[in-house]
Amino acid sequence: MSEYLVHVSRERARLRSPIFGDDAVKVKAMEYLQKQQGIAGIKPGMESILIFMEPGADLPKILTGLEENIPGLKESAQAWAPLPDMRKEKLHALLASGVTTVGLLLFGLKHAHAWSGGLFTLLATNHIWDRRKRF
């Protein structure tokens, strides 16, 4: 699959490329996608487009047509080198700090519980901020 296809599941797919930062290009891509059979809906993001698909949608065919209608889409995604994805490690740290906070509270260690809760709050805030910026 294409490098700009960053997530796909049965009913949705996310396309991300810096070329979608240009509103004219994003509108052109969305207009093309809306006309395609199997597309149930579209939601624009910062440099991304979220596609909601109907069952049986032919995503490879749709993406091939999109590449033909949006010149430079494939090349822009290949040249784009996003920062390494640390999301999984951040989520594990968030989960561990949350479990530790609850455990310390149950054992009655109030000062350690407060410090752990502070760490959990910082990690949760960072997680929410990252998600907000990304989409």
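This is a predicted model, so every value here is computed, not measured.

Q: Where do I start with the pairing of strand 3 (residues 39–44) in this structure?
A: As a general feature of sheets, a regular strand has side chains that alternate between the two faces. Pairing of strand 3 with strand 4 (residues 48–53), which is carried by five bridges, proceeds in the antiparallel orientation. Directly across from isoleucine 42, in strand 4, lies its bridge partner isoleucine 51. Counting the residues that bridge the hairpin from strand 3 to strand 4 gives three residues.

Q: What am I meant to see in the nonpolar core here?
A: For soluble globular proteins, the rule of thumb is that nonpolar side chains tend to be buried together. Residues Leu15, Phe20, Leu33, Ile49 and Leu66 are the most contacted members of the largest nonpolar core, which totals 22 residues. The set of elements that each furnish at least two residues to this core consists of strand 2 (12–16), helix 1 (23–34), strand 3, strand 4 and helix 2 (59–69). Of the residues forming this core, the biggest block, five residues, is contributed by helix 1. Look past the residues within four positions of isoleucine 49 in its chain and what remains in contact with it is Ala13, Arg14, Leu15, Phe20, Lys26, Ala29, Met30, Leu33, Ile42 and Lys43.

Rules behind the numbers
- Residues numbered from 1 in each chain as written.
- Predicted model: local features only at pLDDT ≥ 70, side-chain atom pairs only at ≥ 80, totals over all residues.
- Heavy atoms only, no water.
- Pairing = 2+ DSSP bridges.
- Helix = DSSP H or I, 4+ residues; strand = E, 2+ residues; numbered from the N terminus.
- Core = buried A, V, L, I, M, F, W, Y, C linked by side-chain atoms within 4.5 Å.
- Buried < 20%, exposed > 50% of the residue type's maximum accessible area, 1.4 Å probe, protein only.
- Contact = heavy atoms within 4.5 Å.

This is a description of form; function is not addressed.
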